[in-house]
2 protein chains.
Amino acid sequence: MALKLYVDRMSQPSRAILIFCKKNGIEFEEVKIDLAKGQHRTPDFAEVNPMKQVPAIVHGDFTLFESHAILIYLASAFPEVADHWYPADVRQRAKIHSVLDWHHSNLRRGSVGYIFNTIIALAFGLPLNPNAAAEGEKLLSASLATIESFWLEDGPFLLGNSQPSIADLALVCEVMQIEVADENDRERILGPHKRILKWIEDVKNATAPHFDDIHVIMSPTKERLKELKARVNKL
Amino acid sequence: MALKLYVDRMSQPSRAILIFCKKNGIEFEEVKIDLAKGQHRTPDFAEVNPMKQVPAIVHGDFTLFESHAILIYLASAFPEVADHWYPADVRQRAKIHSVLDWHHSNLRRGSVGYIFNTIIALAFGLPLNPNAAAEGEKLLSASLATIESFWLEDGPFLLGNSQPSIADLALVCEVMQIEVADENDRERILGPHKRILKWIEDVKNATAPHFDDIHVIMSPTKERLKELKARVNKL
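Residues numbered from 1 in each chain as written. Chains lettered and ligands numbered in written order. Predicted model: local features only at pLDDT ≥ 70, side-chain atom pairs only at ≥ 80, totals over all residues. Heavy atoms only, no water.

Our working rule: UniProt positions are given in the numbering used here, feature names are shortened, and annotations may be inferred rather than shown by experiment.
Labelled according to an unreviewed UniProt entry, chain A appears under the name glutathione transferase, originating from Penstemon smallii. One UniProt comment on chain A, placed under Sequence similarities (unreviewed entry), says "Belongs to the GST superfamily. Theta family." As recorded by UniProt, the Subcellular location (unreviewed entry) comment attached to chain A reads in full: "Cytoplasm".

So this is what it looks like as structure tokens:
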């Protein structure tokens, strides 16, 4: 049964799903939906995801959107996926749901608020919003502190697990979005969190070489956004 | 194995969990954490939920927070829960995860932004924030329109299901929070959505008499908040 992933590698949940499939040997066709070109707003894509967001998947005659739901579905529908990604044990699974739910209103909201309003808005031809960026950074920093002190307390992976789960992949890909920020900003925000820096390396190693392959896009995007910002600042 | 629910009936996800347990004959002890009195910020409660939020549960030696994770856990751990609440079928389950994930960044965020900044802030001794309330209402109204036209398209319950799932309970309890708003505001926001009004009745009937029992708190709270608002406006 054919699996199509509708993704943009600049979208952090898209990257999580791509890495998950590659690491687990799940065959798929990658359909690029270029957000900066507005391809998520076409009528064709609305047939796949009426919410006009990536990622979304089509698996045979089944369509699904929302990245956490997709990761859970893939882990459940493909028997080759190792148990540690989404354990069958009800309590272990419940803890993973708890992290993923927490992610929505904390790390994800803070990260998107900060990065979008600091730099990514420019790629959509929108003005930057320093107030929204500051509010985003506050929530982002509080969320990183909670990951450092609570979710990674018993490391190396979230919840004290010895192997990564879908939650590690979702949250690390979110944190990786900070790579497109200015170096000083990245250092100010991420630098103090040594456990998080180690955790990123651990997730990277556990999913090598796919993690780096999928994140190759970050560096040129950062340079492109930097140039765009310099041009806008000159206006 | 003893189950304790740490809840405040003024919290919409707390109500969803209380109704779910009562409807499914799950025995529990209700531990009231009075948010307006700051009981969620005590060191004792931080032992249960370090995020200092309700609801949270303790089941034997297992603790859990985040309401969607709790609903999924209860539906999975108690065999007496009927399948329609959280179907074993991987695809049906995936669709329920998709609604619940969507809820986080849409209905829930809009509803909390609107209600908190219109009235509930007063119960916490905080000032109202008309800008944040307007932003919340915009997202709330867009989310209600999406429920009406998409999630309830094939009704009577979300996703065209003929019986309610945990997603129906979570989302309807969220919508019910609008009951503490001014009548005119409630009518303006909810009135146009006939399918949603019918859906609320359907979820109420499917969980009778517990739905009304747990929501008894809404009417006196609304009156109390109304008086508080009148006093603040006079200052």
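### Considering the relation of the copies chain B and chain A
Our working rule: Alignment of the copies relies on least squares applied to C-alpha atoms, considering only residues that score at least 70 for pLDDT in both. By the convention used here, residues are in contact when the closest approach between their heavy atoms is within 4.5 Å.
If you rotate chain B by 180° and push it 0.0 Å along the axis, it lands on chain A with an RMSD of 0.0 Å. Such values leave the two copies arranged in the relation of a two-fold axis. Judged by C-alpha distance, His104 of chain B is the residue of chain B that lies nearest the rotation axis, at 3.2 Å. Mapped onto chain A, 100% of the interface residues of chain B are again interface residues, and the two copies thus contact each other with one and the same surface.

### Here we look at the nonpolar core
To keep it simple, the criterion reads: Side-chain atoms within 4.5 Å link the members of a nonpolar core, which is a set of buried Ala, Val, Leu, Ile, Met, Phe, Trp, Tyr and Cys residues. Only protein chains enter the accessibility calculation, which uses a 1.4 Å probe; a residue is then buried when its area is under 20% of its type maximum, exposed when over 50%, and partly exposed in between.
Leu74 and Trp199 of chain A together with Leu74 and Trp199 of chain B are the most contacted members of the largest nonpolar core, which totals 154 residues. Residues contacting Trp199 of chain A, with those up to four places away along its chain left out, are Ile147, Leu152, Pro156, Phe157, Leu158, Asp168, Leu171, Val172 and Val175 of chain A.

### Things to note about the pairing of strand E1 (residues 3–7) of chain A
Residues and elements named next belong to chain A. What counts is decided by this rule: To qualify as a helix, a DSSP run of H or I must reach at least 4 residues; to qualify as a strand, a run of E must reach at least 2; elements of each kind are numbered from the N terminus. Only when DSSP finds a minimum of two bridges between them are two strands counted as paired.
With four of five residues buried, E1 is to be regarded as a mostly interior element. The sheet contact formed by E1 and strand E3 (residues 56–59) spans four bridges and is antiparallel. Its bridge partner lying in E3, Tyr6 is registered against Ala56. With four bridges joining them, E1 and strand E2 (residues 29–32) adopt parallel strand pairing. Looking at the pairing, Leu5 lines up with Glu30 of E2.

### Quick notes on the interface of chain B and chain A
In plain terms, the rule: What gets called buried area is simply the loss in accessible area from a 1.4 Å probe that two parts show on being joined, summed for both. One side-chain nitrogen of Lys or Arg within 4 Å of one carboxyl oxygen of Asp or Glu is enough to make a salt bridge. Pairs of N or O atoms are called polar contacts if they sit within 3.5 Å, as long as, within protein, a hydrogen donor faces a hydrogen acceptor (for residues adjacent in sequence, only side-chain-to-side-chain pairs). Under the convention adopted here, Pro, Cys and the residues Ala, Val, Leu, Ile, Met, Phe, Trp and Tyr are nonpolar, Asp, Glu, Lys and Arg are charged, and Gly plus all remaining residues are polar.
Counting residues at the interface gives 32 residues for chain B and 32 residues for chain A. Summed over both sides, the interface between chain B and chain A buries roughly 2,600 Å², with carbon and sulfur atoms accounting for 64% of that surface. Contact with chain A buries surface across chain B, with Met51, Arg91 and Asp101 of chain B losing the most and accounting together for 22% of the total. Connecting chain B to chain A are two salt bridges. A salt bridge links Arg91 of chain B to Asp61 of chain A, with the shortest nitrogen-to-oxygen separation between them at 3.1 Å. Taken together, the connections running from chain B to chain A amount to 14 residue pairs in polar contact (both at pLDDT 80 or more). Counting only elements with at least two residues in the side of chain B that touches chain A, the list comes to strand E4 (62–65), helix H3 (67–77), helix H4 (90–105) and helix H6 (130–151) of chain B. Here the side of chain B that touches chain A takes 11 residues from H4 of chain B, the largest share from any one element. Grouping the amino acids of the side of chain B that touches chain A by side-chain chemistry returns 16 nonpolar, nine polar and seven charged.

### Focus: the packing of aromatic side chains
Heads up, the condition is: Any two rings among Phe, Tyr and Trp, with Trp reduced to its six-membered ring, count as a pair given centres within 6.5 Å; such a pair is stacked if its planes are under 30 degrees apart, edge-to-face if over 60, and tilted if neither.
Applying the stated rule across the entire model yields 16 aromatic pairs over all chains. Taking the centre distance of 5.9 Å and the plane angle of 40° together, the rings of Phe116 of chain B and Phe124 of chain B count as tilted. Judged by relative accessible area, which is 31%, Phe124 of chain B ranks as partly exposed. In this structure an aromatic cluster arises from ring pairing among Phe65 of chain A together with Trp102, Phe150 and Trp151 of chain B.

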